[in-house]
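# Analysis of the macromolecular model
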Amino acid sequence: MTRAAPPPAAPALSPSLRTLLTLAAAVIVLAGVYFARELVGPLVLAIVLVVICEPVRRPLERRGWPAWTGTTAVIALTYLILLTMGALLWLAGTQFARLVGDFADQLQDSVQGLLSWLTSVGLDEEAADATASVLDPQTLLGLASSLGGTIVGVATALFFVFAYIIFMAADAARYRDAGRVFGASKKPALTRIRRLNTGVRRYYVVNATFGAIVAVIDGFALLWLGVPAPLVWAILAFVTNFVPNIGFVLGLIPPAVLAFVVGGWPMLLAVIAIYCVVNVVLQVLVQPKFVSDAVDLSLTLSFFSVIFWTFVIGPLGAILSIPLTLFVRTLVLEGDPDSHWLRWLSGDRTAVPPTDPSPSPPRR
């Protein structure tokens, strides 16, 4: 008596169907993140800050200090970074609002002169009005006020960030023993997490270094030109450097407006030229090489990630775009042995295809 043949295996999903299902799942997850962005944004910010400050624990451990001292040092350094960056943003916003108010009359005259010139060169009245309205004092005061409101909103969210930091810093001390507790069974996952943490730290170290260089050069240039409050705009240039690719534009607007008010077109063009030269040379030609070495992300993906994560979780997404992109790549791609092609497209230079173990045919 012969045995019945086993039923044929169910056909596997086609690659196209798997791709569609993956994209559908990604849309659902991102929609959930979008609607919960007020909770997700502070959480991600706290994680990134703890990851950045975690190495401060190591010297204390090597000296044999109690574990709570390392946790306290991480919390204190994280709070210091948060308060410093918040104070710098508040200073820039309030100073810009004060200066716009002080120079309101001169700014109004400059706007009228700009409107007359645009009309004289043949620009229609509606387009000229729209262009000139950008420099209207009320518009700029509204922009500064909205910036202040945004800072207040961020400050409200910082309550949750402060709480997250305390708990995460305490848990981080325990997570450091994961390799000893689980041994080789979780080694690949722990290796990916360590690589992600290292990439996040290197990215912000590179940004802070280049931001300081750009701030010093821009500050001295503004001081030499006679733009009001050059120190404030140097600080703003440093802070906005943490927004990839488009950050220097955000830092250029306030000093450019004030330069136009106090010095007219020549000073405005001089400020724009200096910012463009400094930022193109450092942020476009030099910094991407160091960022690429630090995080292994392509320039296109870095630029797109700023727009994408800002849309998903709000203004914090611009600052956290690179860590979030690295996290998604680590979570989705680096654990998949068949994703070398996608990782290579994203800029990961370590993503090389596995060598073919099959022996080559003998030569005749």
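Residues numbered from 1 in each chain as written. Predicted model: local features only at pLDDT ≥ 70, side-chain atom pairs only at ≥ 80, totals over all residues. Heavy atoms only, no water.

## A few points about the overall build of the protein
Across its full length, the protein carries 14 helices and 0 strands. Beginning at the N terminus, the succession of helices and strands in the protein can be written as α-α-α-α-α-α-α-α-α-α-α-α-α-α. Within the span of the protein, comprising 364 residues, buried residues form 37% of the whole. Element-wise, carbon and sulfur atoms account for 72% of the exposed surface of the protein, whose accessible area totals about 21,500 Å². (Helix = DSSP H or I, 4+ residues; strand = E, 2+ residues; numbered from the N terminus. Buried < 20%, exposed > 50% of the residue type's maximum accessible area, 1.4 Å probe, protein only. Areas by Shrake-Rupley, 256 points an atom, 1.4 Å probe, with all protein chains shown as cover.)

## Brief notes about the nonpolar core
Ranked by internal contacts, the top residues of the largest apolar core, which has 29 residues, are I165, V200, Y204, L320 and L326. Breaking this core down by element, the ones donating at least two residues are helix 2 (37–53), helix 4 (67–102), helix 7 (137–175), helix 9 (187–225), helix 12 (299–313) and helix 13 (316–333). No other element matches helix 2, which puts 8 residues into this core. If we ignore the near neighbours within four places in the chain, the residues touching L326 are L196, G199, V200, V295 and L297. Core analysis: the second largest hydrophobic core is formed by 19 residues, F96, L222, V227 and A259 among them. (Core = buried A, V, L, I, M, F, W, Y, C linked by side-chain atoms within 4.5 Å. Contact = heavy atoms within 4.5 Å.)

## A word on the packing of aromatic side chains
Any two aromatic rings considered together are summarised by their centre-to-centre distance and by the angle between their planes. Using the criterion set out here, one finds 8 aromatic pairs in the structure. When the ring of F238 is compared with that of F242, the centres are 5.5 Å apart and the planes differ by 90°; the resulting orientation is edge-to-face. Accessibility expressed as a relative area gives 10% for F242, which makes it buried. One aromatic cluster is present, built from ring pairs that chain together Y203, Y204, F238 and F242. Against the face of Y34 rests R37, its NZ or CZ located 4.2 Å from the ring centre. (Phe/Tyr/Trp six-rings, centres within 6.5 Å; stacked < 30°, edge-to-face > 60°. Lys NZ or Arg CZ within 6 Å of the ring centre and 35° of its normal.)

## Observations regarding the pattern of salt bridges
In this structure the tally under the stated criterion is 1 salt bridge. The partner of E54 in a salt bridge is R57, and the shortest N-O contact between them spans 2.7 Å. (Salt bridge = Lys/Arg side-chain N within 4 Å of Asp/Glu carboxyl O.)

## Section: unusual backbone geometry
The phi dihedral of A229 is positive, around 55°, even though this residue is not glycine. In this structure, A229 sits in the loop between helix 9 and helix 10 (230–240). Overall, A229 belongs to the partly exposed group, its relative accessible area being 24%.

## Let's talk about helix 13
Between the first and last C-alpha of helix 13 there are 24 Å, a value that for 18 residues agrees with the 26 Å anticipated at 1.5 Å per step. Among the residues making up helix 13, those that are buried are G317, A318, L320, S321, I322, P323, L324, T325, L326, R329, T330 and L333. (Expected span 1.5 Å × (residues − 1).)

## Digging into helix 12
In this model helix 12 runs 21 Å from its N-terminal to its C-terminal C-alpha over 15 residues, within 8% of the 21 Å that 1.5 Å per residue would give. Residue S305 marks the point of greatest curvature in helix 12, where the axis turns by about 25°. Taken together, the buried positions of helix 12 are occupied by S302, S305, V306, W309, V312 and I313. Phi turns positive one or two residues past the end of helix 12, at G314, with a value near 95°. (Bend = angle between axes of the 7 residues up to and from the residue.)

## Considerations on the side chain of T71
Assignment of secondary structure puts T71 in helix 4. Setting aside residues no more than four positions away along its own chain, T71 makes contact with R57, A169, A170 and A173.

## A look at the packing of helix 2 against helix 4
Orientation of helix 2 relative to helix 4, taken along the N-to-C sense of each, is 120°, at an axis distance of 9 Å. Our classification of the angle between helix 2 and helix 4 gives oblique. Where helix 2 crosses over helix 4, the handedness of that crossing is right-handed. In this structure, helix 2 contributes L45, L49, V50 and C53 to the contact, and helix 4 contributes V74, L77, T78, I81 and L82. For the contact of helix 2 with helix 4, the class distribution of residues is 8 nonpolar, 1 polar and no charged. (Axes fitted to C-alpha atoms, helices over the stretch in contact; angles between N-to-C directions. Parallel < 35°, antiparallel > 145°, perpendicular 65-115°, else oblique. Left-handed = near helix turned anticlockwise from the far one by under 90°. Nonpolar A, V, L, I, M, F, W, Y, C, P; charged D, E, K, R; others polar.)

## With respect to the environment of F327
By the secondary structure assignment, F327 is in helix 13. Exposure remark for F327: the relative accessible area of 42% places this residue in the partly exposed category. Residues F327 and I193, 134 residues apart in the sequence, show an inter-C-alpha distance of 8.9 Å.

## Regarding the confidence of the model for the protein
Put simply, the protein has an average pLDDT of 76, and 73% of its residues get 70 or more. Confidence scores differ between elements of the protein, with helix 6 (residues 125–133) showing the lowest mean pLDDT of 50 and helix 9 the highest of 86. (pLDDT = per-residue confidence, 0-100.)

## Description of the side chain of R329
Along the chain, R329 falls in helix 13. For R329, a relative accessible area of 6% gives the class buried. Among all residues touching R329, those that are not within four sequence positions of it are V295, D296, L297, E334, S346, G347 and D348.

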